[in-house]
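Below, each chain spelled out in residue letters.
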Amino acid sequence: MAAAAAASENELNILPYVYEVMKSIEKDTNDVVQTMNELKAQFQKARECIDHLPGTQHSQEEQLRLKSILQQQLMIKTKLLVTYKSGHHFEIEPKKNGDINGGGSFI
């Protein structure tokens, strides 16, 4: 998870390294190899971060299936919350004269 934390802190900014490589090539200096190695190291850090992301062990089809299941669960739970917040938990019928248990029915 340390790799994921590094990504969240924006330590995997690759563009400055690309710029340094281009600058080294333009100047035709001997620093090109060193700057290329630094860029490769940044790419390796990025790969490690990607490997530690949750869900990367699943195929795309499996991820889509899980997403669909989670969306259905979210819709059901949202409807339940709306129902509970509105206070209409039970539908109660009016009491009839001859009814012993009050005539209520649960939904």
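Structure's up top.
Below, the structure is looked at part by part. (Residues numbered from 1 in each chain as written. Predicted model: local features only at pLDDT ≥ 70, side-chain atom pairs only at ≥ 80, totals over all residues. Heavy atoms only, no water.)

Regarding the environment of Ile14
- On the secondary structure map, Ile14 appears in the loop between α1 (2-8) and α2 (15-27).
- Between the C-alpha atom of Ile14 and that of Ala46, which follows or precedes it by 32 residues, the distance is 9.0 Å. (Helix = DSSP H or I, 4+ residues; strand = E, 2+ residues; numbered from the N terminus.)

Overview of helix α4 (residues 60-86)
- Its 27 residues place the ends of α4 39 Å apart at the C-alpha level, agreeing with the 39 Å of an ideal helix rising 1.5 Å per residue.
- Trailing α4 by a residue or two, Gly87 shows a phi angle of about 85°, which is positive. (Expected span 1.5 Å × (residues − 1).)

Things to note about a nonpolar patch on the surface
- Taken together, the side chains of Ile76, Leu80 and Tyr84 present a nonpolar region at the surface, about 320 Å² in accessible area.
- Tracing the backbone through its elements, the reader meets Tyr84 in helix α4.
- Classification of Tyr84 by relative accessible area gives exposed; the value is 51%. (Patch = residues over 30% accessible without salt bridge, like charges linked within 9 Å, V, L, I, M, F, W, Y side chains within 5 Å. Areas by Shrake-Rupley, 256 points an atom, 1.4 Å probe, with all protein chains shown as cover. Salt bridge = Lys/Arg side-chain N within 4 Å of Asp/Glu carboxyl O. Buried < 20%, exposed > 50% of the residue type's maximum accessible area, 1.4 Å probe, protein only.)

Looking at the packing of α2 against helix α3 (residues 32-51)
- Contact geometry for α2 and α3: axes closest at 9 Å, N-to-C directions at 165°. With respect to each other, α2 and α3 are oriented roughly antiparallel. Both α2 and α3 take part in a crossing whose hand is left-handed. On α3, the residues touching Tyr17, Val18, Glu20, Val21, Ser24 and Ile25 of α2 are Val32, Thr35, Met36, Glu38, Leu39 and Gln42.
- Of the residues contributing to the contact of α2 with α3, the split by class is seven nonpolar, three polar and two charged. (Axes fitted to C-alpha atoms, helices over the stretch in contact; angles between N-to-C directions. Parallel < 35°, antiparallel > 145°, perpendicular 65-115°, else oblique. Left-handed = near helix turned anticlockwise from the far one by under 90°. Contact = heavy atoms within 4.5 Å. Nonpolar A, V, L, I, M, F, W, Y, C, P; charged D, E, K, R; others polar.)

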